[in-house]
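# Inside the fold
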Amino acid sequence: MTDLERRQRRAALLPVLALTAASILWASAFIAFKLAFQAYDPMFVLFARMLVACLCFLPLAARFRNQVYLPGDWKPILLMSLFEPCLYFLFETAAIKNTEAAQAGMIVAMLPLLVAIGAHFFLKEKVTPRTWTGFALAVGGAAMLSLQSSATENAPHPALGNFLEFLAMCCAMGYTILLKKLSARYSPLFLTASQALIGCLFFLPLMFLPGQRLPTEFVLIPALSVIYLGAAITLGAYGLYSYGVSKIPANQASAFINLIPVATVLMARFALGEVFGLGQYLASALVLVGVVVSQDKKGRQAEAEAAA
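Everything numeric in this text was worked out from a predicted model, so none of it was measured. (Residues numbered from 1 in each chain as written. Predicted model: local features only at pLDDT ≥ 70, side-chain atom pairs only at ≥ 80, totals over all residues. Heavy atoms only, no water.)

A word on the overall build of the chain. When helices and strands are tallied, the chain shows 13 helices and 0 strands. Scanning the chain from its N terminus toward the C terminus, one meets helices and strands in the order α-α-α-α-α-α-α-α-α-α-α-α-α. By the compact-globule yardstick of 19 Å for 308 residues, the chain fits well, its C-alpha radius of gyration being 19 Å. Projected onto its principal axes, the C-alpha coordinates of the chain cover approximately 60 × 50 × 40 Å. Residues classed as buried in the chain amount to 49% of the 308 residues present. Put simply, of all contacts in the chain between residues at least 6 apart along the chain, 89% involve residues at least 24 apart. (Helix = DSSP H or I, 4+ residues; strand = E, 2+ residues; numbered from the N terminus. Rg over C-alpha atoms; globule rule 2.2 N^0.38 Å. Buried < 20%, exposed > 50% of the residue type's maximum accessible area, 1.4 Å probe, protein only. Contact = heavy atoms within 4.5 Å.)

Approximately 340 Å³ is the volume found for the second largest pocket. Split into classes, the residues belonging to the lining of the second largest pocket amount to 5 nonpolar, 4 polar and 5 charged. (1 Å grid on protein atoms, 1.4 Å probe; cavity = no way out; pocket = protein on both sides within 12 Å on 5 of 7 lines; lining within 4 Å. Points joined across faces, edges and corners; volume = space filled by probe spheres on them. Nonpolar A, V, L, I, M, F, W, Y, C, P; charged D, E, K, R; others polar.)

Our focus in this paragraph is empty space enclosed by the protein. Evaluation of the coordinates by the stated rule reveals 2 cavities of 30 Å³ or more. By volume, the largest cavity amounts to about 170 Å³. Lining the largest cavity are 19 residues; nearest its centre among them are W26, E84, Y88, M169 and I260. When residues of the lining of the largest cavity are traced back to their parent elements, those giving at least two are α1 (3–36), α3 (74–98), α7 (158–182) and α9 (220–247). Roughly 30 Å³ of volume is contained in the second largest cavity. Looking at the lining of the second largest cavity residue by residue, the classes come out as 4 nonpolar, 3 polar and no charged.

Inspection of the secondary structure puts R213 in the loop between α8 (188–203) and α9. Accessibility expressed as a relative area gives 61% for R213, which makes it exposed. Along the primary structure R213 and S225 are separated by 12 residues, whereas in three dimensions their C-alpha atoms are 18 Å apart.

What follows is about the nonpolar core. In this structure, W26, V45, Y88, M169, F203 and Y241 are the most contacted members of the largest nonpolar core, which totals 84 residues. Leave out the neighbours within four places in its chain, and M169 touches Y88, E92, I107, V108, L111 and L114. (Core = buried A, V, L, I, M, F, W, Y, C linked by side-chain atoms within 4.5 Å.)

Turning our attention to the packing of α3 against α8. Axis angle and axis distance: for two packed helices, these are the angle between their axes and the distance between the axes, and together they describe the pair. At their nearest, the axes of α3 and α8 sit 9 Å apart, and the two run at 60° to each other. One way to sum up the angle between α3 and α8 is to call them oblique. The two elements α3 and α8 cross, and the hand of that crossing is right-handed. Here α3 contributes I77, L78, M80, S81, L82, E84, P85, C86, F89 and L90 to the contact with α8, which in turn contributes F190, L191, S194, Q195, I198, G199, F202 and F203. In the contact of α3 with α8, the residues fall into 13 nonpolar, 4 polar and 1 charged. (Axes fitted to C-alpha atoms, helices over the stretch in contact; angles between N-to-C directions. Parallel < 35°, antiparallel > 145°, perpendicular 65-115°, else oblique. Left-handed = near helix turned anticlockwise from the far one by under 90°.)

A few words on the side chain of S225. With respect to the element layout, S225 can be found in helix α9. A relative accessible area of 6% means that S225 is categorised as buried. Beyond its immediate chain neighbours, meaning those up to four positions away, S225 contacts A32, L35 and A36.

Right, let's talk about the packing of aromatic side chains for a bit. If you walk through the whole model with that rule in mind, you get 11 aromatic pairs. Aromatic side chains Y175 and Y238 sit 5.9 Å apart centroid to centroid with 80° between the ring planes, which places their arrangement in the edge-to-face category. One end of the pair, Y175, is in helix α7; the other, Y238, is in helix α9, and 63 residues separate them in sequence. Accessibility classification places Y175 together with Y238 in one group, the buried group. Members of the aromatic cluster, connected to one another through ring pairs, are W26, Y88, F89, Y175, Y238 and Y241. (Phe/Tyr/Trp six-rings, centres within 6.5 Å; stacked < 30°, edge-to-face > 60°.)

Counted according to the given criterion, the structure contains 0 disulfides. C86 carries a free sulfur, and the closest cysteine sulfur to it, the one in C171, is 9.9 Å from it. (Disulfide = S-S within 2.5 Å.)

The next thing to look at is the packing of α8 against α9. Packing of α8 against α9 leaves a shortest axis separation of 8 Å and a crossing angle of 135°. With respect to α9, the axis of α8 lies oblique. Classified by chirality, the crossing of α9 by α8 is right-handed. Residues P188, T192, Q195 and A196 of α8 form the contact with α9, whose own contacting residues are T234, L235, Y238, G239, S242, Y243 and S246. Looking at the contact of α8 with α9 residue by residue, the class counts come to 5 nonpolar, 6 polar and no charged.

What follows is the structure, given as structure tokens:
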């Protein structure tokens, strides 16, 4: 193998590793949220998470001075950040308060399908009948998962929580499509820093809404969970995902999201003691079958050849 081939293989491997690491980090976020909510109210957790991320970006601020800004791009950047982290975190936070971390993680498996559907309507990309079939199976599996769930102390309204997680995935779809467009002009670090800053400003006033309490004490595990969410997830996972999306097609990058439900189920089992029943495992399997069925590689290859 020549040096050029080694460099090409290494260059092709880096986005894969980045997307894999981002997916595992995102899976751990469900666990961290559950732990943080044991002591702190949701809006404080979200604001503190964004603030930690902004503080992490301060040493890198000098790098952004060389970033060339194109007039008018504030609109897609603002819309991207509104989708995620702003609306996405609002929906996901409400979801985690109402359902189990493992169930929320299973709903995340639908994101690649939602990206394909969104690309069909907004980017005019073709969606094959096989993809539509997979989407229907995954939605059916998610519905079954909710119906099979029963209320517990940590998951008082699982059906509502799963639906809210689905809405979060719709926001993630819009974020992914906009991110793919913007990553052609801006660095992953700049886009991630923009998200953190806009998210910090967005969640700041929400801490003072009626029913929200500011923290009055330092509780070690929940506090460390908030720091982890800001540094490892907001900075690390989003930075890694932005890098991966900038290097490979969006539909390929979103496929790595399928790692999240598997990792979340395992983490929730060992960290939170959550256990699925037989019906929930079958429903989860249906979600994953729908995702697999939707991956119409032959259809994409034929479309690419026709375009060429």
